[in-house]
Amino acid sequence: MIRIGIVDDNYFLLKALEEKISFFEDLSHKFSSNSGAEVLEYLELQPNIDLILMDIEMPGINGIEATGIIKKRYPQIKVIMLTVFDNEEHIFNAIKAGADGYLLKDTAPEDLYEGIKETIEGGAAMNPKIAKKTLKLLRHPDLSTLSIASEQINLSVRETEILEQLASGLSYTKIAENLFISPSTVRKHIENIYKKLQVHSKLEAVEKARNYNII
């Protein structure tokens with residue numbers, strides 16, 4: 001049996017992951033947490049976990065920070081990052097933190113299962129699109145300078161996610177649905193994006209973000 005922990009601060013996504021895990025008899029769901037701090041507290045008492053499915057954006061200790069701590073304290077525990085988008089900065093930071101895999105949250109149950117098995121056996125769970133971006137990062141002559149431009153502009157993780165969806169041509173309403181937030185919250189984030197990028201339109205924002213390798 002592969003002992004699984006799940007960490008996600010979104011109740012509905014957490015339950016969806018629990019359901020996916022339940023489809024497979026050799027996966028044993030041991031716990032669910034809704035924050036990085038909570039999973040660290042759990043592991044202090046019950047470290048006998050084989051693999052953790054880890055959300056990235058959470059209040060307090062986020063998923064990447066929690067992963068870094070877990071890999072130092074419990075190097076035997078595998079961690080697969082689960083997120084909504086294949087964001088390059090996320091992938092870069094996840095690799096630095098020691099993550100063993102990186103999958104999208106809408107991964108089908110069978111693909112998630114195969115990713116878990118592959119990771120437990122020493123591989124790295126990644127869908128083809130993410131694997132391609134990972135190779136791009138690893139071929140970069142200096143990974144430490146990869147996100148200099150985006151750090152100078154200082155967009156938040158959420159703002160970057162919204163900008164990526166905006167670049168795909170999605171409406172405010174659709175972006176809100178995808179991120180489980182309200183359209184008014186999306187509009188507020190976009191206002192902040194415009195200010196930080198010093199632009200006045202969606203086209204300008206997307207073009208500048210691409211030029212600076214933010215998306």
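This text follows the structure it describes.
1. Some remarks on the sheet that holds strand β3 (residues 51–55)
- The parallel open sheet is built from six strands, whose spatial order is β2-β1-β3-β4-β5-β6. Across the chains shown, the open sheet's two edge strands, defined by having one partner strand only, are β2 (27–33) and β6 (125–126).
- Bridging between β3 and strand β4 (residues 78–83) involves five bridges; their strand directions are parallel. Each bridged residue has a counterpart across the sheet, and for Ile-52 the counterpart in β4 is Val-79.
- Against the sheet, helix α2 (residues 36–45) engages β1 (2–7), β2 and β3, with an angle of about 125° to β2.

2. What about the pattern of salt bridges?
- Tallied over the full model, the rule gives 11 salt bridges.
- A salt bridge links Lys-15 to Glu-18, with the shortest nitrogen-to-oxygen separation between them at 3.2 Å. With Lys-15 and Glu-18 both in helix α1 (residues 11–22), this residue pair falls three residues apart, about one helical turn.
- In this structure, the salt-bridge partner of Glu-44 is Arg-73, at a minimum N-O distance of 3.9 Å. Of the two residues, Glu-44 is situated in helix α2 and Arg-73 in helix α3 (residues 63–73); the sequence distance between them amounts to 29 residues.

Conventions adopted
Residues numbered from 1 in each chain as written. Predicted model: local features only at pLDDT ≥ 70, side-chain atom pairs only at ≥ 80, totals over all residues. Heavy atoms only, no water. Pairing = 2+ DSSP bridges. Helix = DSSP H or I, 4+ residues; strand = E, 2+ residues; numbered from the N terminus. Contact = heavy atoms within 4.5 Å. Axes fitted to C-alpha atoms, helices over the stretch in contact; angles between N-to-C directions. Salt bridge = Lys/Arg side-chain N within 4 Å of Asp/Glu carboxyl O.

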